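This is what each chain is made of:
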Amino acid sequence: AQSVTQLDSQVPVFEEAPVELRCNYSSSVSVYLFWYVQYPNQGLQLLLKYLSGSTLVESINGFEAEFNKSQTSFHLRKPSVHISDTAEYFCAVSPTTSGTYKYIFGTGTRLKVLA
Amino acid sequence: NAGVTQTPKFRVLKTGQSMTLLCAQDMNHEYMYWYRQDPGMGLRLIHYSVGEGTTAKGEVPDGYNVSRLKKQNFLLGLESAAPSQTSVYFCASSFLNYEQYFGPGTRLTVT
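Residues numbered from 1 in each chain as written. Chains lettered and ligands numbered in written order. Predicted model: local features only at pLDDT ≥ 70, side-chain atom pairs only at ≥ 80, totals over all residues. Heavy atoms only, no water.

**Q** An account of the environment of glutamine 6 of chain B is requested, with residue identities and associated values reported.
**A** Residues and elements named next belong to chain B. Tracing the backbone shows glutamine 6 in strand S1 (residues 4-7). On the basis of relative accessibility, which here comes to 4%, the residue glutamine 6 falls in the buried class. The spatial distance from the C-alpha of glutamine 6 to the C-alpha of proline 104 is 6.8 Å, given a sequence separation of 98 residues. Excluding residues within four positions of it along the chain, glutamine 6 makes contact with Leu22, Trp34, Tyr89, Phe90, Cys91, Gly103, Pro104, Gly105 and Thr106. Polar contacts involving the side chain of glutamine 6 include one to the main-chain amide nitrogen of cysteine 91, which spans 3.1 Å. Among the polar contacts listed, one links the side chain of glutamine 6 to the side chain of threonine 106, at a separation of 3.5 Å. (Helix = DSSP H or I, 4+ residues; strand = E, 2+ residues; numbered from the N terminus. Buried < 20%, exposed > 50% of the residue type's maximum accessible area, 1.4 Å probe, protein only. Contact = heavy atoms within 4.5 Å. Polar contact = N/O pair within 3.5 Å; in protein donor to acceptor, adjacent residues only side chain to side chain.)

Have a look at this one:
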């Protein structure tokens, strides 16, 4: 069985401050890991993903996440946030074994960037 | 390349009416999904499909039916709408278990 836990439902942070959004997962099989972002009144869009290789992955707009297998975590970080980063962020996992569907989303973390 | 499109964008139904939501993708993805999103509930999977002609139940399938007659289309039907089905519905598609591509959503209100 798989599960994803996003411990913080809301995170307020001042502009230009750093932020970390936490994601922990549980799985009995190897997984791919994803972060999605949802801006108001839009669908989700992929922010970054870990499939294999380097455990540190980056997005084009300054976010990064590190896959920590021992702690089963995939926390999302940004050293300096902007007002435009205000959105809801979802962590997700899926099994690496093809033919086995079990894509799990976390419940989301609402990031509010304050001026 | 339009990605994932959903029709309609908004709809208001009376209790007991029926409707079909259409999802189309042009990325040749095998896997397609229907989710509903409600405040404080995150995304909940309604039904999914791993290929043309196949469908499976997700987390909250009651009151909904789906069909995948063509690889690029995934239809979600409500046979007898209820106020509890007021929600925002998202369709998504993926190549196997990799990242999902989402449509813009359909906002449905059942009165």
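Past the structure itself, the notes keep going.
**Q** Talk me through the layout of surface pockets; I want residue IDs and the actual numbers.
**A** In this model, the largest pocket occupies a volume close to 700 Å³. If you trace the largest pocket, you find 31 residues lining it, with Gln38, Asn41 and Glu88 of chain A together with Gln37 and Arg107 of chain B closest to the centre. Breaking the lining of the largest pocket down by element, the ones donating at least two residues are strand S10 (87-95) and strand S12 (109-114) of chain A together with strand S4 (31-38), strand S9 (87-94) and strand S11 (106-110) of chain B. Of the residues that constitute the lining of the largest pocket, the class distribution is 11 nonpolar, 15 polar and five charged. By volume, the second largest pocket amounts to about 370 Å³. Lining the second largest pocket are 18 residues, and of these Tyr103, Ile104 and Phe105 of chain A together with Leu45 and Glu59 of chain B lie nearest its centre. Elements represented by at least two residues in the lining of the second largest pocket include exactly strand S11 (104-105) of chain A together with strand S5 (42-51) of chain B. Among the elements that line the lining of the second largest pocket, the one with the most residues is S5 of chain B, at five residues. Looking at the lining of the second largest pocket residue by residue, the classes come out as 10 nonpolar, four polar and four charged. (1 Å grid on protein atoms, 1.4 Å probe; cavity = no way out; pocket = protein on both sides within 12 Å on 5 of 7 lines; lining within 4 Å. Points joined across faces, edges and corners; volume = space filled by probe spheres on them. Nonpolar A, V, L, I, M, F, W, Y, C, P; charged D, E, K, R; others polar.)

**Q** Summarise the sheet that holds strand S7 (residues 64-67) of chain B; cite the residues concerned and give the values.
**A** All names here are of chain B. The antiparallel open sheet is built from four strands, whose spatial order is S1-S3-S8-S7. Looking at which strands have only one partner, the edges of the open sheet turn out to be S1 and S7. Neighbouring strand axes in the sheet, compared pairwise and without regard to direction, differ in orientation by 20° on average. Across four bridges, the pairing between S7 and strand S8 (residues 73-78) is antiparallel. Its bridge partner being in S8, valine 66 is matched across the sheet by leucine 76. (Pairing = 2+ DSSP bridges. Axes fitted to C-alpha atoms, helices over the stretch in contact; angles between N-to-C directions.)

**Q** How would you summarise the packing of aromatic side chains if you had to cite specific residues and measurements?
**A** Counted under the stated rule, the structure contains 15 aromatic pairs over all chains. Between tyrosine 36 of chain A and phenylalanine 105 of chain A, the ring centres sit 5.4 Å apart and the planes meet at 50°, which makes this aromatic pair tilted. Of this pair, tyrosine 36 of chain A sits in strand S5 (residues 31-38) while phenylalanine 105 of chain A sits in strand S11; the two residues are 69 residues apart in sequence, bridging distant segments of the chain. Here tyrosine 36 of chain A and phenylalanine 102 of chain B contribute two aromatic rings whose centre-to-centre distance is 5.9 Å and whose plane-to-plane angle is 80°, an arrangement assigned as edge-to-face. Linking tyrosine 36 of chain A in strand S5 with phenylalanine 102 of chain B in strand S10 (residues 100-102), this pair reaches from one chain into another. (Phe/Tyr/Trp six-rings, centres within 6.5 Å; stacked < 30°, edge-to-face > 60°.)

**Q** Explain unusual backbone geometry to me, and be specific about the residues and the numbers.
**A** Residue and element names in this part refer to chain B. Following threonine 7, the chain continues to proline 8 via a peptide bond in cis, the omega torsion being -5°. Here proline 8 shows up in the loop between S1 and strand S2 (10-13). In this model, leucine 96 sits at a positive phi of 50°, which is unusual for a non-glycine residue. Here leucine 96 is to be found in the loop between S9 and S10. A residue is classified by how much of its surface remains accessible, and leucine 96, at 26% relative accessible area, is partly exposed.

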